[in-house]
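Residue-level structure breakdown
Each chain, letter by letter, is given below.
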Amino acid sequence: MPQPKDFGFGPEERMVRDSARRFFRDNCRPETLRCLVAHDHRKAYESEVQPAPYDESLWHRVVELGLGSLVVPVHAGGAGAKMAAVASVAEEIGRFAVPSPLIATLMASRVLDTAKVESPDGNAPAWLAKIAVGESATL
């Protein structure tokens with residue numbers, strides 16, 4: 001009987017996970033989230049006009065670390081990481097309740113890369129290139 005495939009994290013995925021964990025542990029203290037929503041949580045999360053707040057300086061550091069472009073293929077300027085690496089980063093985002101557009105950007109990147117079709121604002125490769133240099137995106 002064939003052995004089932006091991007779907008655990010390989011060395012590259014562990015390296016990405018550990019890097020994300022250290023970064024979020026050092027930069028995403030619970031106080032950060034509290035400060036973002038403490039003034040008026042209803043305004044922050046129930047408004048149809050204003051999106052939920054996030055720390056833009058934190059987002060820029062996430063981009064510098066390369067996490068924003070994990071899913072973007074190498075030919076578009078990203079890391080072209082495997083989905084196991086993305087899953088490991090998603091776990092760390094949840095662990096530290098990271099207030100950022102990272103999950104939305106990773107999902108949008110995956111859809112754009114998979115679809116490879118024209119999008120309303122241009123085309124998928126153009127948007128992937130924007131994400132690779134730090135733009136956030138959502139579906």
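Residues numbered from 1 in each chain as written. Predicted model: local features only at pLDDT ≥ 70, side-chain atom pairs only at ≥ 80, totals over all residues. Heavy atoms only, no water.

Section: the overall build of the protein chain
Which entries qualify depends on this criterion: Put simply, DSSP H or I for four residues or longer makes a helix, DSSP E for two residues or longer makes a strand, and each gets a number counted from the N terminus. Burial here depends on accessible area, computed with a 1.4 Å probe over protein chains only, as a share of the maximum for the residue type. Under 20% is buried, over 50% is exposed, and the range in between is partly exposed. Working rule for contacts: check all heavy atoms of both residues, and any pair within 4.5 Å makes them a contact. Note on areas: Shrake-Rupley with a 1.4 Å probe; residue coverage comes only from the protein chains shown.
The helix and strand inventory of the protein chain stands at seven helices and two strands. Across the 139 residues in the protein chain, those meeting the buried criterion constitute 34%. Once local pairs closer than 6 in sequence are excluded, the contacts in the protein chain between residues at least 24 apart make up 64%. Accessible surface, the protein chain as shown: approximately 8,900 Å² in total, 56% of it carbon and sulfur.

Regarding the nonpolar core
Spelled out, the test is: What is meant by a nonpolar core is a set of buried Ala, Val, Leu, Ile, Met, Phe, Trp, Tyr and Cys residues, joined one to another through side-chain atoms within 4.5 Å.
One finds Phe24, Val62, Leu67, Leu70, Val89, Val98 and Leu102 to be the most contacted residues of the largest nonpolar core, which totals 19 residues. Within the residue set of this core, elements represented by two or more residues are helix H1 (11-27), helix H4 (56-65), helix H5 (83-96) and helix H6 (102-115). Looking at this core element by element, the count peaks at five residues for H5. The contact partners of Val89, leaving out residues within four places of it in the chain, are Val16, Ala20, Leu67, Leu70 and Leu102. Counting residues in each nonpolar core, the second largest holds ten residues, with Ala76, Ala108, Ala132 and Ala137 among its members.

A look at the side chain of Ser88
In plain terms, the rule: Identification of polar contacts relies on pairs of N or O atoms within 3.5 Å, with a donor-acceptor requirement for protein atoms, meaning one able to donate a hydrogen and the other able to accept it, and with residues adjacent in sequence counted only if both atoms are side-chain atoms.
Position of Ser88 among the secondary structure elements: in helix H5. At 2.6 Å, the side chain of Ser88 and the backbone oxygen of Ala85 are in polar contact. Beyond its immediate chain neighbours, meaning those up to four positions away, Ser88 contacts Phe9, Glu13, Val16 and Arg17.

Some thoughts on helix H7 (residues 124-132)
For the record, the criterion: Taking the helix axis as origin, the arc is that swept by the directions to the C-beta atoms.
Of all the residues in H7, the buried ones are Ala124, Trp127, Leu128, Ile131 and Ala132. Seen end-on, H7 carries its buried residues on one side only, within an arc spanning 145 degrees. Residue Gly134 follows H7 closely and has a positive phi angle near 120 degrees.

Section: a nonpolar patch on the surface
Defined as follows: Patch membership requires more than 30% relative accessible area and the absence of a salt bridge. Residues of like charge join within 9 Å; the nonpolar side chains Val, Leu, Ile, Met, Phe, Trp and Tyr join within 5 Å. When a carboxyl oxygen of Asp or Glu is within 4 Å of a side-chain nitrogen of Lys or Arg, the pair counts as a salt bridge.
Taken together, the side chains of Ile103, Met107, Val111 and Leu139 make up a nonpolar region of the molecular surface, amounting to roughly 370 Å² of accessible area. Position of Ile103 relative to the elements: it lies in helix H6. Of the residues examined, Ile103 reaches a relative accessible area of 33% and is grouped as partly exposed.

Comments concerning the confidence of the model for the protein chain
Note the following rule: Confidence of the predictor at the level of single residues is captured by pLDDT, which takes values from 0 to 100.
When pLDDT is averaged along the protein chain, the result is 83, and 79% of the positions lie at 70 or above. Looking across the protein chain, the model is least confident in strand S1 (residues 118-119), with a mean pLDDT of 56, and most confident in H1, with 94.

Re the packing of aromatic side chains
Let me state the cut-off plainly: Note on ring pairs: Phe, Tyr and Trp rings are taken, using the six-membered ring of Trp, and paired if centres are within 6.5 Å. Classes follow the plane angle, with under 30 degrees stacked, over 60 edge-to-face and the rest tilted. Only when the NZ of Lys or the CZ of Arg is both within 6 Å of the ring centre and within 35 degrees of the ring normal is a charge said to sit over the ring.
Overall, the coordinates contain one aromatic pair when judged by the stated rule. With a centroid separation of 5.5 Å and 65 degrees between ring planes, the pair formed by Phe23 and Phe24 is classed as edge-to-face. Take Phe23 and Phe24: they sit in the same class, and that class is buried. Cation over ring: Lys130 sits above Trp127, and NZ or CZ is 4.4 Å from the ring centre.

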